[in-house]
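Observations on chain architecture
The chain contents come next:
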Amino acid sequence: MTAAHPAPRPVPQRVPRRVPPVLLAGVVVAGMALSAWGARDRTTWFLETVWVLVGLPLVVLIWRRFPLTGLLAGLLTLHALVLAVGGHYTYAEVPAGDWVRDTFGLDRNPYDRLGHLMQGFVPAILVRELLSRTSPLRGSRWLAPLTVCACLAFSAFFELLEWLAAEIGGHGADAFLATQGDVWDTQWDMFCALTGATVSVLVLSKVHDRQLRALEAAQRVP
């Protein structure tokens, strides 16, 4: 009789190296401190960075129970820094944006456009991660379009908040709105967010799925 061969052991999922969450949180805290120091307008700074002021403590509180993938944590850190820079200078007066405008002969400082691209690009991975981990949508053909729709809906909600700020603050809200005289600024902002979300889903979904599987494997290890 032929000896039975033992069943092959499953190859454990390799967990990729991650930047320590404490380091990322430290980068955000340092960036926010520098942003607040000498900010051109305190009210505008608060309105532009309130998402970081609320989001960072929330992520820290839930991290043990709901750790994020390295991709999402890194993107959230990058987005926080973009918001911190915009809050410090106001979006229409960021020096790097002035340089781009003058170098390429643009009509306006484009940093606001970058901010709204990020408003779609980063939340797309956030929404995708939440839906993948807390709903039956993982692996569904509806995951991508619903992710993009959620980002566009948030962008539209943000534009409503800007409208409210303009009604309350009048000309005092101009720095927060950063329209720079463009009557189609609201539509451009939503289009940039839509573009950012679409590109994010198309480019990062495979990487994100690998990290989700690795995170799940790591959480199953006793």
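As the structure is a computational prediction, the values presented were derived from the model and not from experiment. Every chain begins its residue count from 1, and numbering advances along the sequence as written. In view of the model being predicted, local features appear only for residues whose pLDDT reaches at least 70, and side-chain atom pairs are presented and counted only at 80 or more, with totals across whole chains, interfaces and linings using the full set of residues. Processing note: side-chain calculations cover all non-hydrogen atoms of the structure and skip hydrogens and water entirely.

Only rings of Phe, Tyr and Trp enter the pairing, Trp through its six-membered ring, and a pair is recorded when the two centres are within 6.5 Å. The plane angle decides the type: under 30 degrees is stacked, over 60 is edge-to-face, the rest tilted. Counted under the stated rule, the structure contains 4 aromatic pairs. Here W51 and F158 contribute two aromatic rings whose centre-to-centre distance is 6.2 Å and whose plane-to-plane angle is 50°, an arrangement assigned as tilted. Of this pair, W51 sits in helix 2 (residues 42-62) while F158 sits in helix 6 (residues 143-169), and the two are 107 residues apart along the sequence. Only protein chains enter the area calculation, which uses a 1.4 Å probe; residues under 20% of their type maximum are buried, those over 50% are exposed, and those in between are partly exposed. Exposure remark for F158: the relative accessible area of 7% places this residue in the buried category. The way it works is that DSSP assigns letters per residue, a run of H or I at least four long becomes a helix, a run of E at least two long becomes a strand, and they are numbered from the N terminus.

Here the focus is a nonpolar patch on the surface. What makes a patch is a set of residues exposed beyond 30% relative accessible area and free of salt bridges, joined within 9 Å when like-charged and within 5 Å when nonpolar (Val, Leu, Ile, Met, Phe, Trp, Tyr). Method for areas: the Shrake-Rupley scheme with a 1.4 Å probe, in which residue coverage is limited to the protein chains shown. In what follows, salt bridge is the name for a side-chain nitrogen of Lys or Arg lying within 4 Å of a carboxyl oxygen of Asp or Glu. Side chains of V19, L23, V27 and L81 sit close together on the surface and give an oily, nonpolar patch of about 300 Å² of accessible area. Topologically, V27 is positioned in helix 1 (residues 21-36).

Turning to the layout of surface pockets, a few remarks are in order. Think of a 1 Å grid over just the protein atoms. A cavity is a set of points where a 1.4 Å probe fits yet cannot get out, a pocket is an open set with protein on both sides within 12 Å along at least five of seven lines, and lining residues have an atom within 4 Å of a point. Grid points are joined across faces, edges and corners, and a volume is the space filled by probe spheres set on the points. Estimated volume of the largest pocket: approximately 1000 Å³. Lining the largest pocket are 41 residues; nearest its centre among them are W51, G55, V59, L76 and L126. The biggest single contributor to the lining of the largest pocket is helix 2, with 10 residues. The classification used treats Ala, Val, Leu, Ile, Met, Phe, Trp, Tyr, Cys and Pro as nonpolar, Asp, Glu, Lys and Arg as charged, and all other residues, Gly among them, as polar. Looking at the lining of the largest pocket residue by residue, the class counts come to 32 nonpolar, 6 polar and 3 charged.

Helix axes use the C-alpha atoms of the stretch in contact, all axes being lines fitted to C-alpha atoms, and the angles between their N-to-C directions lie in the range 0 to 180 degrees. The geometry of helix 5 (residues 111-134) relative to helix 8 (residues 185-220) is characterised by a closest axis approach of 5 Å and an angle of 35° between their N-to-C directions. Between helix 5 and helix 8 the crossing geometry is right-handed. The residue makeup of the contact of helix 5 with helix 8, split by class, is 13 nonpolar, 10 polar and 8 charged. Helix crossings fall into two classes, left-handed where the near helix is turned counterclockwise from the far one by less than a right angle and right-handed where it is turned clockwise.

The subject of this paragraph is the pattern of salt bridges. Per the stated rule, a full pass over the model turns up 10 salt bridges. Between D102 and R101 there is a salt bridge, and its shortest N-O distance comes to 3.1 Å. Between E129 and R133 there is a salt bridge; the shortest N-O distance is 3.1 Å. With E129 and R133 both in helix 5, this residue pair falls 4 residues apart, about one helical turn. By relative accessible area, which is 22% here, R133 ends up partly exposed. Among the charged side chains, a salt-bridge network with shared partners connects R108, D112, R113, D185 and D189.

Further remarks concern the nonpolar core. Put simply, buried Ala, Val, Leu, Ile, Met, Phe, Trp, Tyr and Cys residues joined by side-chain atoms within 4.5 Å make one nonpolar core. Counting 22 residues, the largest nonpolar core has M32, V52, L75 and I125 as its most contacted members. With 7 residues, helix 3 (residues 70-89) is the single largest residue contributor to this core. Once residues within four sequence positions are removed from consideration, I125 is found in contact with L71, L72, L75, S200, L204 and H208. It only takes one pair of heavy atoms within 4.5 Å for two residues to be counted as in contact.

It is worth spelling out the side chain of S35 at this point. Relative to the assigned elements, S35 resides in helix 1. Setting aside anything within four residues of it in sequence, one finds S35 in contact with W45, A84, G87 and H88.

What follows is about the state of the cysteines. Two cysteine sulfur atoms make up a disulfide if the distance between them is within 2.5 Å. Using the criterion set out here, one finds 0 disulfides in the structure. C149 forms no disulfide, and the closest cysteine sulfur to it belongs to C151, at a distance of 9.3 Å.

Read these as spatial facts, not as claims about activity.
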